[in-house]
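Summary of structural features
Chain residues, written in single-letter form:
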Amino acid sequence: MSMNNQGRPSGSGEAFPASIATISGDRGLDHEEGLIFELGHGATGVDLPDVQISDARLGGARRKDAIGLPGLSEPEVIRHYVRLSRKNYAIDSGLYPLGSCTMKHNPRLNEKIARLPGFGDLHPLAPQSTTQGALQVISQLMNWLTTLTGMPAVAMSPKAGAHGELCGLLAIRAAIAARGETRPRILVPESAHGTNPATAAFAGFTVDEVPAKPNGRVDAEALKAKLGPDVAAIMLTNPNTCGLFEGEIVDIAKAVHEAGAYFYCDGANFNAIAGKVRPGDLGIDAMHINLHKTFSTPHGGGGPGSGPVVLSERLAAYAPIPLLVAGENGLRLIEDAADAPYGAKPFGRMCAFHGQMGMFTRALTYMLSHGRDGVRQASEDAVLSANYILASLKDVMSAPFGDGPCMHEALFDDSFLEGTGVTTLDFAKAMIDEGYHPMTMYFPLVVHGAMLIEPTESESKYSLDRFIHVLHTLATEARAKQTARFAGAPHLAPRRRLDETAAARKPVLRWRPNPLKAAAE
Ligand SMILES: *Cc1c(COP(=O)(O)O)cnc(C)c1O
């Protein structure tokens, strides 16, 4: 391999260097990291005085054996967690094209505001007279969510999209029970996110699948034919998981309501239409909003999710406690169904306390810093970015619905890989060698070998062009059957390709080569 004058390997497609065993087990800045229990050697990072409390005061509950916590110095603890954090791929380290998941930038302003002591140090059991500012934040956020969606009510406590789906279906179940009916069936399109049928089943309904049309939209005629007195609701995603707007949605809502059923919308893709379309105007009865997608709060390992659910007039009365009401002495959270205002029939509660306060603060910061026009522009830019990717790659990759524009995500299938021996998985793994997190693979299920790319509005044109260049080159090489990059990829990641099922079910976490031990043997 030749090197350029900056010591970087030059050229592409050359053989990878033979692996050189290192003495330490680390490879350059790629550190192997064991469990903290393997690293512990008895030292402690802090000096604590001996415990002075007598056994009598502890009621004989004093621990007799050592607790077995690992002992490390402070720098060792810091290094352990910093090294682990460097093994993560994050939106802060690179473009994260995971379709449906909306990995958009988490603005630092959000973090700054959430860390203000008045927000960061709140306790959920603090007297409400002392938390009026926090209740104002919740109230303002509710106002933004109901205004943007054109819905009269919102339940703030659900802690993720899937939790919001459950909240919506429990409200629907309560509304149906209040009518003295039993409706056991829920209709879900085949392109739905897995959480939709899972939630319906968890809430005690049976799931009936509705097919898609060749243009990637739900088959409205097939859906209407399935409606009947035993149907509680439909669950539809709009824009759907193919990145397409469901054009017949108003017509579908009308038919659903005529059949006495409710319309649940999976709002995970609201980031494509926020500020442009009000779901309430489409006839939707309940919709969750993933604050960690549309409103830029961190996901998963970066922080808890939050999935408030907006509710139509038909469902508003069944919203779970706590309920936020304005009273003589300011805002008040009603924690007990018996105290609910006249007409409210809460179905129960979704969780302890009030929801993810830290996410509420961040999401409201995002809204206030963007303004209504900025929220709309973010949606427009997200759609523009996705269409730029679709238009730039559809001639070299295959786009099943690429004849028209998409919404906020571009869907490709694997037909461009036919006869090459390269699969969607190989293609995605080769992206890791290029420093990119793969796109969403094999979802939605309605196209073969799906690759779903969602760039979001956060990426600059330069960033998009670089990404497109890499994918374009990968696709061109795959089609020319130059498959060296793909076979067994990733080649350059800390781990080669794993058996993904075994890695998830039987993870091997312990492994810390100790060079001192090896030298002693
Ligand atoms: C992300 C997502 C969900 C689930 O949301 P979580 O917050 O991950 O629970 C549901 N449906 C769709 C379409 C999604 O993209």
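Residues numbered from 1 in each chain as written. Predicted model: local features only at pLDDT ≥ 70, side-chain atom pairs only at ≥ 80, totals over all residues. Heavy atoms only, no water.

As a further point, take the domain arrangement of the protein. Its domain assignment divides the protein into domain 1 (110-364) and domain 2 (374-505). Taking only C-alpha atoms into account, the centre of domain 1 sits 30 Å from that of domain 2. The interface of domain 1 with domain 2 comprises 25 residues on the first partner and 18 residues on the second. The interface formed by domain 1 and domain 2 contains one salt bridge. (Domains from an automatic or database assignment. Contact = heavy atoms within 4.5 Å. Salt bridge = Lys/Arg side-chain N within 4 Å of Asp/Glu carboxyl O.)

One finds Leu141, Leu145, Leu223, Ile234, Phe263 and Phe295 to be the most contacted residues of the largest nonpolar core, which totals 53 residues. Counting the residues that make up this core, at least three belong to each of domain 1 (110-364) and domain 2 (374-505). Contact partners of Leu223, with chain neighbours within four places excluded, come to Leu187, Val210, Val218, Ile234, Ile252 and Val256. Formed by 34 residues, the second largest nonpolar core is a distinct cluster that contains Ala174, Ile176, Ala200 and Ala233. (Core = buried A, V, L, I, M, F, W, Y, C linked by side-chain atoms within 4.5 Å. Buried < 20%, exposed > 50% of the residue type's maximum accessible area, 1.4 Å probe, protein only.)

Attention now goes to the packing of aromatic side chains. Centre-to-centre distance and the angle between the planes together describe a pair of aromatic rings. This structure, assessed with the given rule, holds five aromatic pairs. Taking 6.0 Å as the distance between ring centres and 10° as the angle between the ring planes, the aromatic pair formed by Phe427 and Phe486 counts as stacked. Taken together, the positions of Phe427 in helix H11 (residues 424-433) and Phe486 in the loop between helix H12 (461-479) and helix H13 (500-505) put the pair 59 residues apart, joining distant regions of the chain. Considered together, Phe427 and Phe486 belong to a single accessibility category, that of buried residues. (Phe/Tyr/Trp six-rings, centres within 6.5 Å; stacked < 30°, edge-to-face > 60°. Helix = DSSP H or I, 4+ residues; strand = E, 2+ residues; numbered from the N terminus.)

Before going further, it helps to spend a moment on the site of the ligand. Taken together, Ser100, Ala160, Gly161, Ala162, Glu165, His193, Thr195, Asp266, Ala268, Asn290, His292 and Lys293 form the complete shell of residues around the ligand. Separating an oxygen atom of the ligand from a side-chain N or O atom of Ser100 is a distance of 2.6 Å. In isolation the ligand offers 380 Å² of accessible surface; the protein chains occlude 87% of this area. Per element, the largest residue contribution to the shell around the ligand is three residues, and it comes from helix H6 (residues 161-178). (Near = heavy atom within 4 Å. Polar contact = N/O pair within 3.5 Å; in protein donor to acceptor, adjacent residues only side chain to side chain. Areas by Shrake-Rupley, 256 points an atom, 1.4 Å probe, with all protein chains shown as cover.)

With respect to topology, three strands assemble into an open sheet ordered E10-E12-E11, the strand pairing being antiparallel. Lying at the two open borders of the sheet, with one neighbouring strand each, are strand E10 (410-412) and strand E11 (440-441). Here three bridges tie E10 to strand E12 (residues 451-453), and the two strands are oriented antiparallel to one another. Considered in E12, the bridge of Leu411 is made with Leu452. Each of E10 and E12 touches helix H10 (residues 357-393); the most contacted strand, E10, lies at about 30° to it. (Pairing = 2+ DSSP bridges. Axes fitted to C-alpha atoms, helices over the stretch in contact; angles between N-to-C directions.)

All right, on to the pattern of salt bridges then. As enumerated under the stated definition, the model contains 25 salt bridges in all. Of the charged contacts, one joins Arg83 and Glu33 as a salt bridge, the two residues approaching to 3.0 Å between their closest N and O atoms. Separated by 50 residues along the polypeptide, Arg83 in helix H2 (residues 74-86) and Glu33 in the segment before helix H1 (36-39) bring together distant segments of the chain. Since its relative accessible area comes to 21%, Arg83 is described here as partly exposed. In this structure, Glu335 and Arg349 form a salt bridge, with 3.3 Å as the shortest nitrogen-oxygen distance. Here Glu335, found in the loop between strand E9 (330-334) and H10, pairs with Arg349, found in the loop between E9 and H10; they are 14 residues apart in sequence, far enough to count as distant. Looking at Glu335, the relative accessible area reads 32%, which means it is partly exposed. With relative accessibility at 34%, the residue Arg349 sits in the partly exposed group. Because the salt bridges share partners, they merge into one network encompassing Arg185, Asp208, Lys226 and Asp230.

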